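Topology and contacts: notes
Okay, here's what each chain looks like letter by letter:
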Amino acid sequence: MDGKDASVWTEIEKAEKENRRELVLQGTNTDERIQSNGGLSSKVYSLTLLNYLEISQCPSLTEVSENIGNLIHLQSLILCRNKIASVPKSIGKLKSLKVLDVSVNELQNIPEEVSLLSELNTLNVSCNSITSLPKGLSQCTKLSTINVSKNGLTTLPDDLFSERLELLSTIVASENALEELSANISNLPALKTLDLSSNKLSELPFELGDCAKLKEINFKGNKLKDKRLEKMVNGCQTKSVLDYLRAGGRGRGKGKAGGEAGEKGDTAAGGGARNTPKKKGGGKQKRHQQQEEEDELEKMVLRVLHVSDSPTAVTIKVAAEVKEVRPYIVCCVVRGMNLHSGNALKRFLMAQTKLHDDLCAKRTTATIATHDVQLLKSPLLYDARTPDTLKIVPLGRKEMNAVDLLKHLQQEADEQRKQKKRQNVSGLHKYLQLLDGKSHYPCLVDTDGHVISFPPITNSEKTKIKKSTKELFLEVTSSNSLQTCKDVMDALITKMAELNKSTFDHKEADGSDEEGEPEPMPAEGDGPTGPELTVQQVRITDMDGNLKVVYPSKTDLTAESGNLRVIR
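What counts, and where the lines are drawn
Residues numbered from 1 in each chain as written. Predicted model: local features only at pLDDT ≥ 70, side-chain atom pairs only at ≥ 80, totals over all residues. Heavy atoms only, no water. Helix = DSSP H or I, 4+ residues; strand = E, 2+ residues; numbered from the N terminus. Contact = heavy atoms within 4.5 Å. Areas by Shrake-Rupley, 256 points an atom, 1.4 Å probe, with all protein chains shown as cover. Phe/Tyr/Trp six-rings, centres within 6.5 Å; stacked < 30°, edge-to-face > 60°. Buried < 20%, exposed > 50% of the residue type's maximum accessible area, 1.4 Å probe, protein only. Polar contact = N/O pair within 3.5 Å; in protein donor to acceptor, adjacent residues only side chain to side chain. Salt bridge = Lys/Arg side-chain N within 4 Å of Asp/Glu carboxyl O. Core = buried A, V, L, I, M, F, W, Y, C linked by side-chain atoms within 4.5 Å. Pairing = 2+ DSSP bridges. Axes fitted to C-alpha atoms, helices over the stretch in contact; angles between N-to-C directions. Disulfide = S-S within 2.5 Å. Parallel < 35°, antiparallel > 145°, perpendicular 65-115°, else oblique. Nonpolar A, V, L, I, M, F, W, Y, C, P; charged D, E, K, R; others polar. Right-handed = clockwise from strand over helix to strand, strands pointing away.

Quick word on the overall build of the protein
Looking only at helices and strands, the protein features nine helices and 23 strands. A separation of at least 24 residues holds for 60% of the contacts in the protein among residues at least 6 apart in sequence. Accessible surface, the protein: about 27500 Å² in total, of which carbon and sulfur atoms supply 48%.

What follows is the structure, encoded as structure tokens:
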């Protein structure tokens, strides 16, 4: 039920008074008011000018009123990390809605009225208890991304593979109970990313090879009948998997690209009556191919160096003041990452952004920062400072204190709102509300007193990574828990290993990326010679030297992954 407005909702009053287009309600303060009121303030549903509404991280929010249908100008509705049990049917009235995020709630189903959202391009219902998706999703013809991971789905609806969804580029359905992938997957001409990891698939349709734009697949964690295919899947060999499927598997052409070539391949494999018997020769060839694949998998290695193995290792002390602001931090140093070749740097930054949006819940649960180790001056201090004393050189800007930086960002956000075609803010401006009500801001400071990181807003230009960066200092901070930091760091490093392997596998030309003038190529023997990454532990203590955390410890980077081998 809706709240009786016993508490003061200053954010709502301000939005109403200033005719604002955006409203963000999140965190402990909002949750306490929802709990004391018995629900969300009913005034929210009268803000008909809103085009962006976010209500998140409020465990006391268990339902949303049917009056949500009044907000007909909404383009983005973010209701993540609450305990909402159902989505009101009136959601179908939001004809302008482009983004719907109801992830990490307690939903068991999604109303069919979602199919009436003709402008919808992003649907995120991950981390719920949904057992089936609504019919009619093919009516959402502008749908580009759908995330249904971490639910209880046993099948995906047929109309999700409709030819009408010609813009659908990303399907994430990992950690469900899916038993089959429809052969109609080839009906999706724009499909680029498909993640069905950790399901119950036993086979992959050959038609998957007919998805011309498919660049990233993940089927790890499925027990496939074809063990050769399973090895390729676990090795993240997207191109090899698709080529294998196009050939019909084991040389028997069944896809569009197979056919006659597959039959000729069978003949060639036989070798004729005068050759060695088929079984013996075929067995040797099979074992040889399997060995080659296993050798390829062995190349994806993470080698962990103990902090005691490096006397010059980066160290961090944590000030007591951060306890009330953003208390958790883990760090490490990664060597061997090739950022110089081709678009490697761009892909790494895009992967970091994706982690921020997904696993880090748009930086609300955690924030990642990356630095060039050669530009760091250790030891470092994780501190909390007042906005007027926190000075930083933000990425792409001149030095200023936090007050001026946030003021500039707010002005830029207001300017964006005034533009007819850009009513939603983007970039750093999306994270301003995360600091509301804070008297001190968290920051990472080097030994000279320079702030190199201001989470969750920005890093410093002084330690910015470039194509020439050889060692990366990784930093993850959170206000939620230490385990949240570790989970994000695990995911980041695993992704780095995958990207690095891809860079070496494709042997991209050096320096073909953009970044102003081309940087000098590394001297021979100076850059990484293979995809192996080395992760150097970083020790974090309190001001008295008592250990708080060291990452990676023996309990980190332990998740089973067929493409990753950790040597400690």
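Alright, that's what it looks like, and here's the rest.
So, the packing of aromatic side chains
Under the definition given, this model contains one aromatic pair. Ring centres of Tyr-441 and Phe-454 lie 5.5 Å apart, and the angle between their planes is 25 degrees; on these two criteria the pair is classed as stacked. Residue Tyr-441 is found in strand S17 (residues 441-445), and its partner Phe-454 is found in strand S18 (residues 451-454); the two are separated by 13 residues along the sequence. We note that Tyr-441, like Phe-454, is buried.

Quick look at helix H3 (residues 227-234)
Considered for burial, the residues of H3 that qualify are Leu-229, Glu-230, Met-232, Val-233 and Asn-234. Against helix H4 (238-246) lie the buried residues of H3. The backbone nitrogen of Arg-228 has a side-chain oxygen 3.2 Å away, supplied by the residue at the start of H3, namely Asp-226.

Section: the pattern of salt bridges
According to the stated counting rule, one finds 16 salt bridges in the structure shown. Glu-412 is the partner of Arg-397 in a salt bridge, and the nearest nitrogen-oxygen pair spans 3.0 Å. Here Glu-412 lies in helix H8 (residues 402-418) and Arg-397 lies in the loop between strand S15 (391-392) and strand S16 (400-401), a separation of 15 residues in the sequence. Residue Lys-486 pairs with Asp-556 through a salt bridge whose shortest N-O separation is 3.6 Å. Of the two residues, Lys-486 is situated in helix H9 (residues 482-506) and Asp-556 in the loop between strand S22 (547-551) and strand S23 (565-567); the sequence distance between them amounts to 70 residues. Both residues of the pair, Lys-486 and Asp-556, belong to the buried class. Salt bridges sharing partners connect three or more residues here, namely Glu-216, Lys-220, Lys-495 and Glu-498.

Focus: the nonpolar core
Of all hydrophobic cores here, the largest spans 72 residues; its most connected members are Leu-53, Leu-77, Leu-194, Leu-208 and Phe-219. Counting residues per element, the ones that place at least two in this core are helix H1 (10-17), strand S1 (22-26), strand S2 (52-56), H3 and H4. Ranked by residue count, the leading element in this core is H4, at four residues. Excluding residues within four positions of it along the chain, Leu-194 makes contact with Ile-171, Leu-181, Ile-185, Leu-208, Leu-214, Glu-216, Ile-217, Asn-218 and Phe-219. If you look at the next biggest cluster of nonpolar residues, it comprises 49 residues, including Cys-332, Val-333, Leu-355 and Ile-493.

A few points about the sheet that holds strand S9 (residues 216-218)
The strand order across the open sheet built from nine strands is S1-S2-S3-S4-S5-S6-S7-S8-S9, with neighbouring strands paired in parallel fashion. Where the open sheet ends on each side, the last strands, each with one partner, are S1 and S9. On average, adjacent strands in this sheet sit at an angle of 5 degrees to one another, irrespective of strand direction. Bridge count between strand S4 (residues 99-101) and strand S5 (residues 122-124): three bridges; the pairing is parallel. Residue Asp-101 lies in a different strand from S5, and its bridge partner there is Asn-124.

Brief notes about the state of the cysteines
In total, this model carries zero disulfides according to the counting rule given. Cys-360 forms no disulfide, and the closest cysteine sulfur to it belongs to Cys-485, at a distance of 9.2 Å. Residue Cys-360 is classed as buried on the basis of its relative accessible area of 0%.

A look at the packing of H3 against H4
Across the interface, H3 lies against H4 with an axial gap of 8 Å and an inter-helix angle of 150 degrees. The angle between H3 and H4 places the two elements in the roughly antiparallel class. Residues Arg-228, Leu-229, Met-232 and Val-233 of H3 touch H4, and the partners they reach there are Ser-240, Val-241, Tyr-244 and Leu-245. For the contact of H3 with H4, the residue count by class is six nonpolar, one polar and one charged.

Some points on the pairing of S2
The buried count for S2 comes to five of five residues, which makes it a mostly enclosed element. The two faces of S2 match: Tyr-52, Glu-54 and Ser-56 on one face and Leu-53 and Ile-55 on the other face are all buried. Bridge count between S1 and S2: five bridges; the pairing is parallel. Across the sheet, the residue bridging to Val-24 is Glu-54, located in S2. Handedness of the S1-helix H2 (residues 27-37)-S2 crossover: right-handed. The pairing of S2 with strand S3 (residues 76-78) spans three bridges and is parallel. Bridging from a neighbouring strand, Glu-54 pairs with Ile-78 of S3.

Functional significance is not addressed by these values, which are geometric in nature.
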